[in-house]
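Residue strings, one per chain:
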Amino acid sequence: MQLNTLFKTFSAAALTLALAACGGEKAAENTAASAASAADQGAKKEIVFGTTVGDFGDMVKDQIQPALEKKGYTVKLVEFTDYVRPNLALAEGELDINIFQHKPYLDDFKKEHKLDIVEAFQVPTAPLGLYPGKLTSLDEVKDGSSVSAPNDPSNFARALVMFNDLGWLKLKEGVNPLTASKNDIAENPKNLNIVELEAAQLPRSRADVDFAIVNGNYAMSSGMKLTETLFQEPSFAYVNWAAVKTADKDSQWLKDVEEAYNSEEFKAYAHQRFAGYKYPAAWGENAAAGAQAEAASTASAAK
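Quick caveat, the model's predicted, so the values are computed rather than measured.

> Before we go on, may I ask you to explain the packing of helix α2 (residues 55-69) against helix α8 (residues 252-261) in this structure?
Packed helix pairs are specified by the crossing angle of their axes together with the interaxial distance, meaning the distance between the axes. For the pair α2 and α8, the least separation of the axes is 9 Å and the interaxial angle reads 130°. Considering their axes alone, α2 and α8 lie oblique with respect to each other. Crossing handedness for the pair α2 and α8: right-handed. From α2, Val60, Ile64, Ala67 and Leu68 reach across to α8, where they touch Asp256, Val257, Ala260 and Tyr261. Per-class residue counts for the contact of α2 with α8 are seven nonpolar, no polar and one charged.

> Help me out: how do you make sense of the nonpolar core in this one?
By size, the foremost hydrophobic cluster in this structure holds 52 residues, and its most contacted members are Phe49, Ile97, Val257 and Tyr261. Apart from residues no more than four positions distant in its own chain, Tyr261 is found in contact with Phe49, Val60, Ile64, Ile99, Phe121, Val123, Phe266 and Trp283. One finds Val141, Val147, Phe156 and Leu192 within the second-largest nonpolar core, a separate group that totals 21 residues.

> For this particular structure, what's the right way to read the sheet that holds strand β9 (residues 193-197)?
As a general point, the strands of a sheet are linked pairwise by backbone hydrogen bonds and lie either parallel or antiparallel. One open sheet accounts for five strands, arranged β9-β6-β10-β5-β11; its pairing is mixed. Where the open sheet ends on each side, the last strands, each with one partner, are β9 and β11 (231-232). In the sheet, strand β5 (residues 129-132) pairs with strand β10 (residues 211-214) via four bridges, with the strands oriented antiparallel. Its bridge partner being in β10, Pro132 is matched across the sheet by Phe211.

> Please clarify how the environment of Asp108 should be interpreted in this entry.
With respect to the helices, strands and loops of the structure, Asp108 is situated in helix α4 (residues 103-113). For the pair formed by Asp108 and Thr179, sequence separation is 71 residues and the distance between their alpha carbons is 9.8 Å.

> When you look at the packing of α2 against helix α9 (residues 264-273) in this model, what are you seeing that I'm missing?
Two numbers describe how α2 lies on α9: the axes approach to 10 Å, and their chain directions differ by 140°. What the angle tells us is that α2 and α9 run oblique. Two packed elements cross with a definite hand, and for α2 against α9 that hand is right-handed. Contacts between α2 and α9 involve Asp58, Met59, Asp62, Gln63 and Ile64 on the former and, on the latter, Glu265, Phe266, Tyr269 and Arg273. Counted by class, the contact of α2 with α9 contains four nonpolar, one polar and four charged residues.

> Hey, could you run me through the sheet that holds strand β4 (residues 117-122) in this one?
On the basis of which strands lie adjacent, the open sheet formed by five strands has the order β2-β1-β3-β12-β4 and mixed pairing. Only two strands of the sheet have a single neighbouring strand rather than two, namely β2 (74-80) and β4. Strand-to-strand, the axes of this sheet are offset by a mean angle of 30°, without reference to chain direction. Taken together, the four bridges between β4 and strand β12 (residues 240-245) define a ladder with antiparallel strand orientation. Each bridged residue has a counterpart across the sheet, and for Ile117 the counterpart in β12 is Lys245. α2 rests against β1 (46-52), β2, β3 (97-102) and β12 of the sheet, and its axis sits at about 160° to β1.

> Even after reading the chapter, I still don't get the confidence of the model for the chain, so can you show me in this structure?
A low pLDDT means the predicted coordinates there should not be read in detail. Mean pLDDT over the chain: 85, with 80% of residues reaching 70 or higher. Confidence drops under a pLDDT of 50 for residues 1-41, and excluding neighbours within four residues, the segment shows zero contacts in the predicted structure. Here residues 288-303 is modelled with pLDDT under 50, and outside its nearest four sequence neighbours on either side it reaches 15 contacts, counting other chains as well.

The rules we used
Residues numbered from 1 in each chain as written. Predicted model: local features only at pLDDT ≥ 70, side-chain atom pairs only at ≥ 80, totals over all residues. Heavy atoms only, no water. Axes fitted to C-alpha atoms, helices over the stretch in contact; angles between N-to-C directions. Helix = DSSP H or I, 4+ residues; strand = E, 2+ residues; numbered from the N terminus. Parallel < 35°, antiparallel > 145°, perpendicular 65-115°, else oblique. Left-handed = near helix turned anticlockwise from the far one by under 90°. Contact = heavy atoms within 4.5 Å. Nonpolar A, V, L, I, M, F, W, Y, C, P; charged D, E, K, R; others polar. Core = buried A, V, L, I, M, F, W, Y, C linked by side-chain atoms within 4.5 Å. Buried < 20%, exposed > 50% of the residue type's maximum accessible area, 1.4 Å probe, protein only. Pairing = 2+ DSSP bridges. pLDDT = per-residue confidence, 0-100.

Shown next as structure tokens:
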């Protein structure tokens, strides 16, 4: 009797252990499956871009969106008509990435508004240009000529540097070209009347001023041509960047976006569609040398 009872007890315990082991294996399998499913669900499948209207939006629609859709992403594009809302929308989570600004503007804006966003990679950028208004050649500039220029600090600094290069005014010695302001004007021999406007209004302002300095993206979106410029900014410091939230800077989806912008297909498209633009330093094509020279010049001026 005791032996039989012991055998039954042992058999029941063994069965319990076997069932427990089997259940454990199934539980482990279920846990692994759940983790894999969570990972699949956690992988980003939709990317929301924010750009200003015109060339940056066209780049997304024409090339970047199709390239990312081939990788399984859904792409949405929001186009803005100002330089303020895109960064705020990015920081607030309404966008995943924005493309519209150069680094000096981004640095100033995120510092002023305390935003946790960062530059990611460069994109082809139309240079800032001086366009004809009521007057059609540089030789026609006269005492008291009016010139419209972008009113945000970083782009206004660019305009002042252009006026200095043209000899229309003189900036103080040693001024940092990235932060020049009206206080840095040493001489204004032609008594230029600088009319400060929001960048989006500059193309329309040409009817009311003698000359207009217009941001490249707004020039292109309004039907103006780079070949119309009377003078173009030579600097490479203002090639535009994509920006993302700092938490996303090492994400896989961002790597896929950057790969699309640096692909041979996109380069061929940009060379044909946006001839005359300044291209990312990563592309070479003299851009890297120009950017390095600019950085050295800026660092020297800042000392």
